[in-house]
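# Descriptive analysis of the structure
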Protein chains: 2
Amino acid sequence: MSRTLTAQLPQHTGQRVTVQGWVHRRRRLSQVAFLVVRDRSGLAQVVIGDGTGRRQLDALGEETVVSVEGTVVANPKAPGGAELTDPRITVLGSATPPPVELWRPALTAGLPALLDHAPIAWRHPARAAVWQVAAASLRGFRRALDERGFTEIHSPKLVGGSTESGATVFTVDYFGRPAYLAQSPQFYKQMMVGVFERVYEVGPVFRAEPHDTVRHLAEYVSLDVELGFIDDHRDVLAVLRDVLAGMIDAVRGGAAEAGARLPEVPERIPVIHFRDALALVGADPDEPDLAPEHERRIGRWAVREFGSDFVAVEGFPARKRPFYTHPEPGDAGWTNSFDLLFRGLELVTGGQRLHEYADYARALADRGEPTDAYEPYLQAFRHGMPPHGGFAIGLERWTARLVGADNIRRTTLFPRDLHRLTP
Amino acid sequence: MSRTLTAQLPQHTGQRVTVQGWVHRRRRLSQVAFLVVRDRSGLAQVVIGDGTGRRQLDALGEETVVSVEGTVVANPKAPGGAELTDPRITVLGSATPPPVELWRPALTAGLPALLDHAPIAWRHPARAAVWQVAAASLRGFRRALDERGFTEIHSPKLVGGSTESGATVFTVDYFGRPAYLAQSPQFYKQMMVGVFERVYEVGPVFRAEPHDTVRHLAEYVSLDVELGFIDDHRDVLAVLRDVLAGMIDAVRGGAAEAGARLPEVPERIPVIHFRDALALVGADPDEPDLAPEHERRIGRWAVREFGSDFVAVEGFPARKRPFYTHPEPGDAGWTNSFDLLFRGLELVTGGQRLHEYADYARALADRGEPTDAYEPYLQAFRHGMPPHGGFAIGLERWTARLVGADNIRRTTLFPRDLHRLTP
């Protein structure tokens, strides 16, 4: 008998069907007992009446994998409005009691227990729903870009040189010589603009930053976008707007289960210049960056003025941006770059990049860096590159913001940090 | 004036439009000159008549990025059936002559030159079309699985222990202690079957195998699938069949340009047992594996008997398969695993896995391996796992087979091997 998902039971009332899943919970009352089976679509209640079934139920510990043949009976009180009666239960996979109580509506285990037992803890429906938000976001991200003529790329994670000066990289023993783990696909996505004009990549990036905070990981999934033939960073921001709208749309179906509060994405994301942002929050006009409290106040301002959860701050000072950042025309102290704040926190960094080889050579010289190490990458700029720009979104931070997680580790399947390399 | 793609020109006959792209080629005849502009959609011919335009054309080296405003005129002899006249040309990005001749119908440069100048060489339309086959395959892969209730996952690439015994791994300096680069997401996708039942991952895998061959890379993109609640490996093969059909469908549009010869995927992929395959090719019945010549002969047999470019060999001897492979019921010398041959070459390996903790403990003991190192992974099996299995496809090999590339490096954007870490 082919398998029926628990969510489909109401469509099979009166029929004999087989459901398969995990023993989520057992409830043994004096007259009757219930077995709740969990599968990827939800929960189903199985009614167990007689003595034989009862004895079998006693032997079925939580998380045992079972196949249950039974008759579908409508019952408004059962999850989904239908339950199984007259069951015949077969064990497909045995189980010892799980280290976290998965049947409780909320997981009460602390973060270390959740992470140590990640393969089990993610089975909790509320946890699984959080990852489904991440997976749906990826679907929405790709769909929005596919519809706009972008090409998916995959760039190498093993690189011969550090990809961005100053940042901390992991070193790999590469057949006896040193290689490094890519901190971002930045240079590669730019090179590929020279080929496909509009590209994106979803892949791991690696940061050997010894930060032990709720928002840093040593490895995370970066959603990278880069596009050519732009006028300036505002064209990049317009694509970012559409991508965010596509991601939110894709998440909508499973948002409630994951506790996600979804924002509206305005037709046009409000923009404020860095200089004006400093003035708005009453900061020193020579401040090179925004403090977290500044970001929160700008976020509140955007809600007040534009009814928007999103606001872009553009024009960041050149000294705080990477060397490939395009200056603001007319005033090279500022840049054609932006940070996108979502509910008062920085979510995305993006902007226009330099596209002339001579400008790269000058920018590196100004920072006292030799161009030699960058030559394999700079060859794209020697041989014709259009004005271009892009942005990157960290998947785990994005999900954490949507579901209101207090720690990025709660939205990463198997987080890696200063202290954790397993499971 | 907003940008028009070159492929859209025929829809704008008589209108004044702007195209943007690279100077692909210049042809200077006595009476007239032509500028061929390349953008992501194709080529457009620009007619240059007067002396001023002619002098400007002389200054526009190949690969210069230009914006060309012109009038669209139908011309059956022009690429796409339309050309631009009365042009006004603006330079968007300057260029020195490219290291490979991109305007020639076929790139004549040797493989080392192609790889050294990858950022430029990929601009050649025939090269770009090859990567588009890869990108389309990824789209088809995900679509087929999304439609079948699979969830996308992202597993860590930095791991605390070697993920598969015996194979060679890259070592990373992880905050002062050793970590390893994951050779496959095998264990993680299995654990996630315990959560989502059906999962897939597209991501890099790393192999420190010092093989200098046309089919080995130190880093490649693995398309991984794993699903629970199967009867045996034949259910895995059925999903693989649907995934391959989805990938081929997605590739169809751009196949010709990339020189790809697409196979038909039969409704049911023919299967032959390893034992019978040995007999078929007249090999010693004690052979533990198939030689390349055997694979080619089995491939020809499948074409002859079933008209199929695909054939699965099932039942491989246990001693040649990883410890997590499920034995064949009734004869533990064979396994519920398969290799899928495509045109006489192994393309995909898959099969059913063990799902009981006790079976893992026994399998590891039989191979003389301690279970301790595997415990973080084995906890999923202690707490209830369904019968499951899966497969993995290497993206670069897949593309190479479709387009008939003689070296996997020709289907990898930036290949990594024993000798190459840049660009």
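Residues numbered from 1 in each chain as written. Chains lettered and ligands numbered in written order. Predicted model: local features only at pLDDT ≥ 70, side-chain atom pairs only at ≥ 80, totals over all residues. Heavy atoms only, no water.

## As for the overall build of chain A
Secondary structure assignment for chain A yields 11 helices and 18 strands. Along the longest, intermediate and shortest principal axes, the C-alpha atoms of chain A span 85 × 60 × 40 Å. For chain A, buried positions account for 58% of its 423 residues. Residue pairs in contact within chain A that sit at least 24 positions apart in sequence constitute 64% of those at least 6 positions apart. (Helix = DSSP H or I, 4+ residues; strand = E, 2+ residues; numbered from the N terminus. Buried < 20%, exposed > 50% of the residue type's maximum accessible area, 1.4 Å probe, protein only. Contact = heavy atoms within 4.5 Å.)

## Topic: the sheet that holds strand β5 (residues 82–93) of chain B
All names here are of chain B. Here we have five strands rolled up into a closed barrel, ordered β1-β2-β3-β5-β4, and mixed in their pairing. Averaged over all pairs of adjacent strands, the angle between their axes in this sheet comes to 50 degrees, without regard to strand direction. Where strand β2 (residues 33–39) lies against strand β3 (residues 42–48), seven bridges are found, and the strand directions are antiparallel. The residue bridging V37 from the neighbouring strand is A44, located in β3. (Pairing = 2+ DSSP bridges. Axes fitted to C-alpha atoms, helices over the stretch in contact; angles between N-to-C directions.)

## Side note on the UniProt feature "binding site: ATP" (unreviewed entry) in chain A
Residue and element names in this part refer to chain A. Those places that UniProt annotates as "binding site: ATP" (unreviewed entry) correspond, in this numbering, to R207, A208, E209, R215, H216, L217, E346, G394, L395, E396 and R397. Along the chain, R215 turns up in the loop between β10 (198–206) and β11 (219–228). Each residue touching R215, except ones within four places of it in the same chain, is listed here: E346, R397, R401 and I408. Here H216 is to be found in the loop between β10 and β11. The residues contacting H216, other than those within four sequence positions of it, are E209, H211, R397, I408 and R409. Polar contacts involving the side chain of H216 include one to the side chain of T213, which spans 2.7 Å. (UniProt positions renumbered as here; feature names shortened; annotations may be inferred. Polar contact = N/O pair within 3.5 Å; in protein donor to acceptor, adjacent residues only side chain to side chain.)

## So, the UniProt feature "site: Important for tRNA non-discrimination" (unreviewed entry) in chain A
All names here are of chain A. Mapped onto this structure's residue numbering, the UniProt feature "site: Important for tRNA non-discrimination" (unreviewed entry) falls at P79. Looking at where P79 falls in the secondary structure, it is placed in the loop between β4 (65–74) and β5 (82–93). In this structure P79 comes out as partly exposed when scored by relative accessible area, which is 31%. Contacts of P79, omitting those with residues within four sequence positions, involve L43 and Q45.

## Observations regarding helix α11 (residues 395–403) of chain B
Taking burial as the measure, the nine residues of α11 of chain B include eight buried ones, the bulk of the element. A positive phi of about 70 degrees marks G404 of chain B, the residue just after α11 of chain B.

## Quick look at the packing of aromatic side chains
Counting across every chain of the model gives 42 aromatic pairs over all chains. Centroid distance F175 of chain A to F170 of chain B: 5.4 Å. Interplanar angle 75 degrees. Geometry classified as edge-to-face. With F175 of chain A in the loop between β8 (171–174) and β9 (177–181) and F170 of chain B in the loop between β7 (158–159) and β8 (171–174), the pair connects residues from two separate chains. Taking the centre distance of 5.4 Å and the plane angle of 80 degrees together, the rings of W301 of chain B and F306 of chain B count as edge-to-face. Given the relative accessible area of 13%, W301 of chain B is considered buried. In this structure an aromatic cluster arises from ring pairing among F187, F323, Y324, Y360, Y374, Y377 and F381 of chain A. Positioned over the ring face of F229 of chain B is R3 of chain A, at 4.1 Å from the centre of the ring. Just above the ring of F316 of chain A sits the side chain of R321 of chain A; from NZ or CZ to the centre is 4.2 Å. (Phe/Tyr/Trp six-rings, centres within 6.5 Å; stacked < 30°, edge-to-face > 60°. Lys NZ or Arg CZ within 6 Å of the ring centre and 35° of its normal.)

## Quick word on the domain arrangement of chain A
Size of an interface, as often reported, equals the accessible area lost when the parts are brought together. When its domains are assigned, chain A resolves into domain 1 (6–93) and domain 2 (119–411). On a C-alpha basis, the centroid separation for the pair domain 1 of chain A and domain 2 of chain A is 47 Å. (Domains from an automatic or database assignment.)

## Things to note about the interface of chain A and chain B
At the interface, 94 residues of chain A touch 94 residues of chain B. Roughly 7,700 Å² of surface becomes buried between chain A and chain B when both sides are summed, with 61% attributable to carbon and sulfur atoms. For the interface between chain A and chain B, the tally reads six salt bridges. The closest approach of N and O atoms between R3 of chain A and E197 of chain B, which form a salt bridge, is 2.9 Å. Inspection of the chain A/chain B interface yields 56 residue pairs in polar contact (both at pLDDT 80 or more). No other element matches helix α4 (residues 125–146) of chain A, which puts eight residues into the side of chain A that touches chain B. Looking at chain direction, β8 of chain A and β8 of chain B are connected through three bridges and run antiparallel. Paired with D173 of chain A across the strands is T171 of chain B, a residue of β8 of chain B. (Buried area = accessible area lost by both parts, 1.4 Å probe. Salt bridge = Lys/Arg side-chain N within 4 Å of Asp/Glu carboxyl O.)

## Quick look at the relation of the copies chain A and chain B
With an RMSD of 0.0 Å, the operation that places chain A on chain B is a rotation of 180 degrees combined with a shift of 0.0 Å along the axis. Here the transformation between the copies is reduced to the relation of a two-fold axis. For chain A, the residue whose C-alpha comes nearest the rotation axis is V172 of chain A, separated from it by 2.2 Å. Both copies share a contact surface, since 100% of the interface residues of chain A are interface residues in chain B too. (Least-squares fit on C-alpha atoms with pLDDT ≥ 70 in both.)

## Details of the sheet that holds strand β3 (residues 42–48) of chain A
Residue and element names in this part refer to chain A. Here five strands make up a closed barrel; going around it, the order is β1-β2-β3-β5-β4 and the pairing mixed. Sheet twist, expressed as the mean angle between neighbouring strand axes with direction ignored, is 50 degrees. Both β4 and β5 contribute to a ladder of nine bridges, which runs antiparallel. Pairing of A74 across the sheet is with A82, part of β5. Running over the sheet, helix α1 (residues 51–59) touches β1 (16–28), β2 (33–39), β3 and β5 and is turned about 70 degrees from β1.

## Focus: the side chain of H388 of chain A
Residues and elements named next belong to chain A. Here H388 is to be found in strand β18 (residues 388–394). For H388, a relative accessible area of 0% puts it in the buried group. A distance of 2.9 Å separates the side chain of H388 from the backbone oxygen of P386, its partner in a polar contact. Those residues within four positions of H388 in sequence are excluded, and the remaining contacts are Q190, V193, E226, L227, G228, I230, Q352, R353, L354, H355 and F381.

## A look at the packing of α4 of chain A against helix α6 (residues 233–251) of chain A
A pair of packed helices is characterised by two quantities: the angle between their axes and the separation of those axes. Residue and element names in this part refer to chain A. At a minimum axis distance of 7 Å, the contact between α4 and α6 shows a crossing angle of 135 degrees. Classified by the interaxial angle, the pair formed by α4 and α6 is oblique. Every pair of crossing elements has a handedness; the one defined by α4 and α6 is right-handed. Along its contact with α4, which presents V133, A136, S137, G140, F141, A144 and L145, the element α6 presents V239, D242, V243, G246, M247, A250 and V251. Considering only residue class, the contact of α4 with α6 consists of 10 nonpolar, three polar and one charged. (Parallel < 35°, antiparallel > 145°, perpendicular 65-115°, else oblique. Left-handed = near helix turned anticlockwise from the far one by under 90°. Nonpolar A, V, L, I, M, F, W, Y, C, P; charged D, E, K, R; others polar.)

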